[in-house]
Amino acid sequence: MRAIVLEEVELTSAGEKLEVLGQSALHLIKVVRIKIAEKVLVLNGRGLKILTEVSNLDKKKLELTVVECQKIERESTLDLFLAPPKKEAFEDILRNSCELGIAKIHLVESAYSQFKNPNSERCQRILIGAMEQSNNCYKPLFDSGLTTFANSLTLLEAYQQVFYFSPNGENSLQLEDKAGKYALFIGPEAGLTENEETSLKDLKNSVTIRLPSPILRAPTAASAATGFLMGHGLKIF
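Residues numbered from 1 in each chain as written. Predicted model: local features only at pLDDT ≥ 70, side-chain atom pairs only at ≥ 80, totals over all residues. Heavy atoms only, no water.

Undergrad: An account of the sheet that holds strand S1 (residues 3-5) is requested, with residue identities and associated values reported.
TA: As summarised here, the arrangement of the five strands in space is S1-S3-S4-S5-S2, forming an open sheet in which the pairing is mixed. For this open sheet the edge positions go to S1 and strand S2 (17-20), each flanked by a neighbour on one side alone. The average undirected angle you get between the axes of adjacent strands in this sheet is 40 degrees. Summarising the sheet, strand S4 (residues 48-57) and strand S5 (residues 62-71) pair through nine bridges and their orientation is antiparallel. (Pairing = 2+ DSSP bridges. Helix = DSSP H or I, 4+ residues; strand = E, 2+ residues; numbered from the N terminus. Axes fitted to C-alpha atoms, helices over the stretch in contact; angles between N-to-C directions.)

Undergrad: Break down unusual backbone geometry for me, citing the residues and quoting the values.
TA: Negative phi is the rule for most residues except glycine; trans is the rule for most peptide bonds. The phi angle at Arg33 is positive, at roughly 60 degrees, despite the residue not being glycine. Note that Arg33 resides in the loop between helix H1 (22-31) and strand S3 (39-43). Classification of Arg33 by relative accessible area gives exposed; the value is 57%. Positive phi is not limited to glycine here, since Asn135 has a value of about 65 degrees. Within the secondary structure, Asn135 is located in the loop between helix H3 (120-134) and strand S8 (141-148). (Buried < 20%, exposed > 50% of the residue type's maximum accessible area, 1.4 Å probe, protein only.)

Undergrad: How would you summarise the layout of surface pockets if you had to cite specific residues and measurements?
TA: Roughly 580 Å³ of volume is contained in the largest pocket. Around the largest pocket, the lining is made up of 23 residues, and of these Phe165, Ser166, Pro167, Leu216 and Ala221 lie nearest the centre. Elements that contribute at least two residues to the lining of the largest pocket include exactly strand S9 (161-170), strand S10 (181-186) and helix H6 (218-231). The leading source of residues in the lining of the largest pocket is S9, at four residues. Broken down by class, the residue content of the lining of the largest pocket amounts to 15 nonpolar, four polar and four charged. Considering only enclosed or pocket space, the second largest pocket measures out at about 230 Å³ in volume. Elements with a minimum of two residues in the lining of the second largest pocket: S1 and H1. Sorting elements by how many residues they give to the lining of the second largest pocket places H1 first, with four residues. Each residue belonging to the lining of the second largest pocket can be placed in one class, and the counts come to three nonpolar, three polar and two charged. (1 Å grid on protein atoms, 1.4 Å probe; cavity = no way out; pocket = protein on both sides within 12 Å on 5 of 7 lines; lining within 4 Å. Points joined across faces, edges and corners; volume = space filled by probe spheres on them. Nonpolar A, V, L, I, M, F, W, Y, C, P; charged D, E, K, R; others polar.)

Undergrad: Lay out the nonpolar core with the relevant residues and their values.
TA: Phe163 and Leu229 are the most contacted members of the largest nonpolar core, which has 40 residues in total. Apart from the residues within four sequence positions on either side, Phe163 is in contact with Leu173, Leu175, Tyr182, Ala183, Leu184, Phe185, Val207, Ile209 and Leu229. Ranked by size, the runner-up nonpolar core spans 17 residues in total, among them Leu6, Val9, Val20 and Ile50. (Core = buried A, V, L, I, M, F, W, Y, C linked by side-chain atoms within 4.5 Å. Contact = heavy atoms within 4.5 Å.)

Scope: geometric values only; no functional claims are made or implied.
Below is the structure:
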């Protein structure tokens, strides 16, 4: 369904009106050529899905009438700790993370991190575009600043389980609780150093998993790992 992101919108009721201005309105009016009575899904990035209908429009704005409003609650969350690869691969991971339901993205400065200065505004635009493409009502929390590898280990201690995929991992997975707070660590395309990998595996809540696959690019690895966890019962939505 056609979707737009209006982050300021709160829980609303059927019959209420929403006004769309700026670039979102211009895109729907001039590019999409939306018409009266067409349905539009409004997302606020914090779990709201609002089904609306176009009730009025002019050259620069349109009015939407709320049909129904739904708040989606998560059974569990999966945060991504990412040692960023090169720019193109990094941006692919941002899109895929949003489409797959990642809750929060932490950027980690490892020895082989490649992209250390992402543009925050561009990253937010990418995430909003991915929300509209996928109809995901949650936008991943994201800070473009990098945390040190040592600090990331401290942050990871707060999770129920931390998943790291490695050629030396196990083929099977047992989730402690399918509803909980989990983390996935994805290293750069050059991999982690031996000391970094050892430190990660030494965490008490760390689970090292092996995917039976060839070497994967970072975007493919992040998506495959998330899909693997969902296939084993992790309920992100």
